[in-house]
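The primary structure of each chain is shown beneath.
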Amino acid sequence: GGALSTWLLPGQAAWAQEPANAAKEIRAERFVLVDEHGLSRALLSFSGQGEPGLALQDSAGNIRAWLTIVDGGPSLMLCDRAASIRAELGIVEGEPGLWLNDGNFQPRAGLNLQDGEPNLWFNDGEGNGRAEMWLQGGEPALILHDADGLAGTGLSVWRGEPRVLVLDDDGNPRGGISMPEGNPTFWLADAEGTDLMNLGLWDFGAGLAFFDVDGNVVWGAP
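## With respect to a nonpolar patch on the surface
Here's step 1: A contiguous nonpolar surface patch, about 810 Å² in accessible area, is contributed by Leu44, Leu54, Leu56, Leu67, Leu76, Leu78, Leu89, Leu98, Leu100 and Leu111.
Here's step 2: When residues of the nonpolar patch are traced back to their parent elements, those giving at least two are strand 3 (52-57), strand 5 (73-79) and strand 7 (95-101).
Here's step 3: For Leu44, the position within the fold is in strand 2 (residues 40-46).
Here's step 4: For Leu44, a relative accessible area of 39% corresponds to the partly exposed category.

Structural data, given as structure tokens:
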């Protein structure tokens, strides 16, 4: 306590001490940095999970920034005046991420890496995912969901060709427009992903075909 007071009390700078009196190491479980009025402005201590943390406080004593360890990864949390975490930057399972929360601590937007690929997402106020954009295998994709975070539409590139998809509640593509070999094609599929109908332009001209669940053509019109 006496050694630490030379850092905290105004007018007694630590570097003004004689070298012979300088402490080479200070050990404690908790450090509090106070301003000239004696108000706590920074705190170095352990969290309830037993992890070290550094908190920065505003003039009202509210924690506005918190640097600590969460699930084995470093995390920086930024809070509003009500002490609600509004932004968090951290590493989860070895991957970096940035999360933005609303005033009710609902995640509303985020940017992170999944298996080394970037992923950007947006949620509504109920926590339902409404939009997600990512790269998978180097190919971009965009998915839009309904109010329940289920069925939606998607835009992606697959094997170098653009696709517009319509998804069911399980996220399975049930129809869409694609460009196989550079030819525009409209298609419908079942829940297993089997094409049941194709309408498109080919080298021989326009064509319409219907398929069974085994992929066999049951009717076609070139």
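## Looking at the pairing of strand 5
Here's step 1: On strand 5, burial follows the alternation: Gly73, Ser75, Met77 and Cys79 on one face are buried, whereas Pro74, Leu76 and Leu78 on the facing-out side are not.
Here's step 2: Relative to strand 5, strand 4 (residues 63-70) is paired through six bridges, and the arrangement is antiparallel. Opposite Trp66, over in strand 5, you have Met77 as the bridge partner.
Here's step 3: Between strand 4 and strand 5, which pair antiparallel and follow one another directly, the connecting turn spans two residues, one of which, Asp71, has a positive phi of 50 degrees.

## Structural notes on the pairing of strand 9 (residues 117-123)
Here's step 1: Where strand 8 (residues 107-114) meets strand 9, six bridges bridge the pair, whose relative direction is antiparallel. Its bridge partner being in strand 9, Leu111 is matched across the sheet by Leu120.
Here's step 2: Here strand 8 folds back onto strand 9 in antiparallel fashion, the turn holding two residues, of which Asp115 has a positive phi close to 55 degrees.
Here's step 3: In this structure, strand 9 lies alongside strand 10 (residues 129-136), joined through five bridges in antiparallel fashion. Residue Asn119 lies in a different strand from strand 10, and its bridge partner there is Trp134.
Here's step 4: Following strand 9, the chain reverses through five residues before pairing antiparallel with strand 10; Gly127 in that reversal takes a positive phi of roughly 90 degrees.

## Describing the pattern of salt bridges
Here's step 1: The tally for this structure, following the rule as stated, stands at seven salt bridges.
Here's step 2: In this structure, Arg41 and Asp35 form a salt bridge, with 3.7 Å as the shortest nitrogen-oxygen distance.
Here's step 3: In this structure Asp35 comes out as partly exposed when scored by relative accessible area, which is 21%.
Here's step 4: Here Arg64 ties to Asp58 by a salt bridge, and the two come within 3.4 Å at their closest N and O atoms.
Here's step 5: When its relative accessible area of 10% is taken as the criterion, Asp58 is described as buried.

## Things to note about the environment of Asn21
Here's step 1: Looking at the secondary structure, you find Asn21 in the loop between helix 1 (2-8) and strand 1 (31-34).
Here's step 2: Between the C-alpha atoms of Asn21 and Asp124, which are 103 residues apart in sequence, the distance is 59 Å.

## With respect to the nonpolar core
Here's step 1: Core analysis: the biggest nonpolar cluster contains six residues, these being Leu43, Ala55, Trp66, Met77, Cys79 and Ile85.
Here's step 2: Other than its neighbours up to four places away in sequence, Met77 contacts Arg64, Ala65, Trp66, Thr68, Val70, Ile85, Ala87 and Glu88.
Here's step 3: Ile143, Leu165, Leu167 and Trp187 belong to the second largest nonpolar core, which has five residues in total.

What counts, and where the lines are drawn
- Residues numbered from 1 in each chain as written.
- Predicted model: local features only at pLDDT ≥ 70, side-chain atom pairs only at ≥ 80, totals over all residues.
- Heavy atoms only, no water.
- Patch = residues over 30% accessible without salt bridge, like charges linked within 9 Å, V, L, I, M, F, W, Y side chains within 5 Å.
- Areas by Shrake-Rupley, 256 points an atom, 1.4 Å probe, with all protein chains shown as cover.
- Salt bridge = Lys/Arg side-chain N within 4 Å of Asp/Glu carboxyl O.
- Helix = DSSP H or I, 4+ residues; strand = E, 2+ residues; numbered from the N terminus.
- Buried < 20%, exposed > 50% of the residue type's maximum accessible area, 1.4 Å probe, protein only.
- Pairing = 2+ DSSP bridges.
- Core = buried A, V, L, I, M, F, W, Y, C linked by side-chain atoms within 4.5 Å.
- Contact = heavy atoms within 4.5 Å.

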